[in-house]
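Commentary on secondary and tertiary structure
Here are the chains, one letter per residue:
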Amino acid sequence: FQGISLIHNRQTPWHQDECGRMAGIDALLTLGNYTNGTFKLPILRVSLQYNPGTLVLVAGRTFAHEVGEWAPGGNRLCLVHFTHDDVLNEFDIPHPPIF
């Protein structure tokens, strides 16, 4: 991974990571003191319990995903690790093979 993003107390509506690698896996670790979080992959009809301490690995460019509301009163922090083709290109780093 060469990028890290911090998402604090934000919902992330349905989206795909346009800048992500087609074969890239993103790691999302959620922390905080909130409850009743949900991570959804709508096209797969999957809804995961997404409470503090949960680690999700997802091909964010391939699969649309979202994180909605959680129970009132809690704080949520998500650490996202990702790889973008542009960074590999900039430094002439060979691209890992696409699955």
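Presented here is an overview of the structure given in this document. (Residues numbered from 1 in each chain as written. Predicted model: local features only at pLDDT ≥ 70, side-chain atom pairs only at ≥ 80, totals over all residues. Heavy atoms only, no water.)

Looking now at unusual backbone geometry. For Asn9, which is not glycine, the phi dihedral falls at a positive 50°. One non-glycine residue, Asn36, lies in the positive phi region at around 65°. Tracing the chain through its elements places Asn36 in the loop between β3 (26-32) and β4 (38-41). (Helix = DSSP H or I, 4+ residues; strand = E, 2+ residues; numbered from the N terminus.)

Before going further, it helps to spend a moment on the environment of Gly53. Turning to its location among the elements, Gly53 is positioned in the loop between β5 (46-49) and β6 (55-58). Linking Gly53 and Thr30, residues 23 residues apart in sequence, is a C-alpha distance of 5.6 Å. If near-sequence neighbours (up to four positions away) are discounted, Gly53 is found in contact with Leu29, Thr30 and Leu31. (Contact = heavy atoms within 4.5 Å.)

Our focus in this paragraph is the environment of Asp85. Summarising the element assignment, Asp85 is placed in helix α1 (residues 85-90). Distance from Asp85 to Thr62, taken between C-alpha atoms, is 14 Å for residues 23 residues apart in sequence. Those residues in contact with Asp85, other than ones at most four positions away along the chain, are Cys19, Arg21, Arg61 and His95.

The values are spatial; any link to function lies outside them.
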